[in-house]
Amino acid sequence: MKALILVDIQNDFCPGGALEVTEGDKVVAIANAIMDKFDLIIATQDWHPANHGSFAANHLWRKPGQVIELNGLEQILWPMHCVQESFGAEFHKDLNTEKINKIFQKGTDVEIDSYSGFFDNGRKKSTGLSDYLKDLKIEKVYVMGLATDYCVKFTALDALEQGFETYVIKDGTKGVNMQPKDSKNALLEMKEAGIHIVDSSEIS
Ligand code: VGL
Ligand code: ZN
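Everything quoted here is computed from the prediction, not taken from an experiment.

A. Fine view of the coordination of the zinc ion (ligand 2). Taken together, Asp-46 (OD), His-48 (NE2) and His-81 (NE2) make up the protein donors of the zinc ion (ligand 2), found 2.0 to 2.2 Å from the metal. Between the 4 donor atoms coordinating the zinc ion (ligand 2), the angles at the centre fall across 89 to 169°, so the site counts as irregular. Within one chain, the residues serving as donors to the zinc ion (ligand 2) are arranged as D-x1-H-x32-H. Pair noted here: Asp-46 is in strand S2 (residues 40-46) and His-81 is in the loop between strand S4 (73-76) and strand S5 (102-106), with a separation of 35 residues, a long-range link. Judged by its relative accessible area of 3%, Asp-46 falls in the buried class.

So, in structure tokens, the structure goes:
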């Protein structure tokens, strides 16, 4: 049984959004095109309260891109994004959400960020995604979406660590690239960890 995990295909990560990823909207058509090849479709949704600790605006004098310590963890500060119930937090309007079986929201705790769809960044709380997939006898997990160098990377690494045969669909991800090579390095890191990097055209 194989599952597709659509990571954070939300307005704020698409062109014009608060934390826009170059060509982030290009992953939508790829997601829609491959949905029928999977037994189960999961979407993760970055879902922050407005006072979230990862927002630069919630720390006096801080700017996006700066790094602070948030409850003992290194935290990159982001522009305010994916605020619960806001337009920016909605899935891209063209994403075929009818085929999504279950949505896992993350980043809801003010005190800690959550890049992975499985655990928060401190690995203190699970979202329940791993047990959900195991209960449904999923063995293979395909990950795509936004962004390659953050939420896709950490979701895929956790999927692998949780024992799933893990694939990242390269043409179905786009990166933030705070440094120009961040996405390239993220894909290398995933590959070295044992994740299969594939093209959407290779999925049968
Ligand atoms: C993400 C930064 C902050 C992502 C989410 O979806 O990759 N990146 N929140
Ligand atoms: Zn976020």
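B. Representation of the environment of Ser-130 within the structure. Secondary-structure assignment places Ser-130 in helix H2 (residues 129-135). Between the C-alpha atom of Ser-130 and that of Asp-158, which follows or precedes it by 28 residues, the distance is 9.0 Å. Reaching out from Ser-130, the side chain makes a polar contact with the side chain of Gln-162 at a distance of 2.8 Å.

C. Fine view of helix H4 (residues 182-193). Between the first and last C-alpha of H4 there are 16 Å, a value that for 12 residues agrees with the 16 Å anticipated at 1.5 Å per step. In this structure, the buried residues of H4 make contact with helix H3 (148-161), strand S7 (165-174) and strand S8 (196-198). Downstream of H4 by one or two residues, Gly-194 has phi in the positive range, about 115°.

D. Spotlight on the side chain of Asn-11. Tracing the backbone shows Asn-11 in the loop between strand S1 (2-7) and helix H1 (27-34). Sequence-distant contacts of Asn-11, that is, excluding residues within four places in its chain, are made with Gly-17, Phe-87, Gly-88, Glu-90, Phe-91, His-92 and Lys-93.

E. Broad picture of H3. Across the 14 residues that make up H3, a large majority, 10, are buried. Taken as a whole, H3 has its buried residues at Thr-148, Asp-149, Tyr-150, Cys-151, Val-152, Lys-153, Thr-155, Ala-156, Asp-158 and Ala-159. Gly-163 sits one or two residues past H3 and shows a positive phi near 100°.

F. Molecular detail of the site of ligand 1. Near ligand 1 the following residues occur: Asp-8, Phe-13, Leu-19, Asp-46, Trp-78, His-81, Tyr-115, Leu-146, Ala-147, Tyr-150 and Cys-151. Residue Asp-8 places a side-chain N or O atom 2.7 Å away from an oxygen atom belonging to ligand 1. His-81 is positioned such that a nitrogen or oxygen atom in its side chain is 3.1 Å from a nitrogen atom of ligand 1. Considered on its own, ligand 1 offers 260 Å² of accessible surface; in the complex 100% of this is hidden by protein. Residue classes in the shell around ligand 1 are distributed as 8 nonpolar, 1 polar and 2 charged.

What counts, and at which threshold
As a convention, each chain's residues are numbered from 1 in the sequence order in which they are written. A letter from A marks each chain and a number from 1 marks each ligand, given out in the order of writing. Given that this is a predicted model, residues contribute local features only at a pLDDT of at least 70 and side-chain atom pairs are listed and counted only at 80 or more, while totals for whole chains, interfaces and linings are drawn from all residues. No hydrogens and no water enter the side-chain calculation; it runs on all heavy atoms of the structure. Note on donors: an N, O or S atom is included if it sits within 2.8 Å of the metal, or within 3.2 Å for Na, K and Ca, and water is never included, so sites can look incomplete. Geometry assignment treats four donors as tetrahedral when all angles are between 85 and 135 degrees, treats four as square planar and six as octahedral when opposite donors are over 155 degrees apart and all others between 65 and 115, and treats everything else as irregular. Each helix is a run of DSSP H or I of at least 4 residues and each strand a run of E of at least 2, with the numbering of both proceeding from the N terminus. Each residue is assigned to one of three classes by its accessible area relative to the maximum for its type, calculated with a 1.4 Å probe on protein chains only: buried under 20%, partly exposed between the two thresholds, exposed over 50%. Pairs of N or O atoms within 3.5 Å make up the polar contacts considered here, provided that, within protein, one atom can donate a hydrogen while the other can accept it, and that residues adjacent in sequence are counted only when both atoms are side-chain atoms. Multiplying one less than the number of residues by 1.5 Å gives the expected span of a helix. The criterion used for residue contact is that any of the two residues' heavy atoms lie within 4.5 Å. When at least one non-hydrogen atom of a residue lies within 4 Å of a molecule or strand, that residue is treated as near it. A 1.4 Å probe and the Shrake-Rupley method give the accessible areas. Residues count as covered only by the protein chains that appear here. Any residue outside Ala, Val, Leu, Ile, Met, Phe, Trp, Tyr, Cys, Pro, Asp, Glu, Lys and Arg is labelled polar, Gly included; the first ten of those are nonpolar and the last four are charged.

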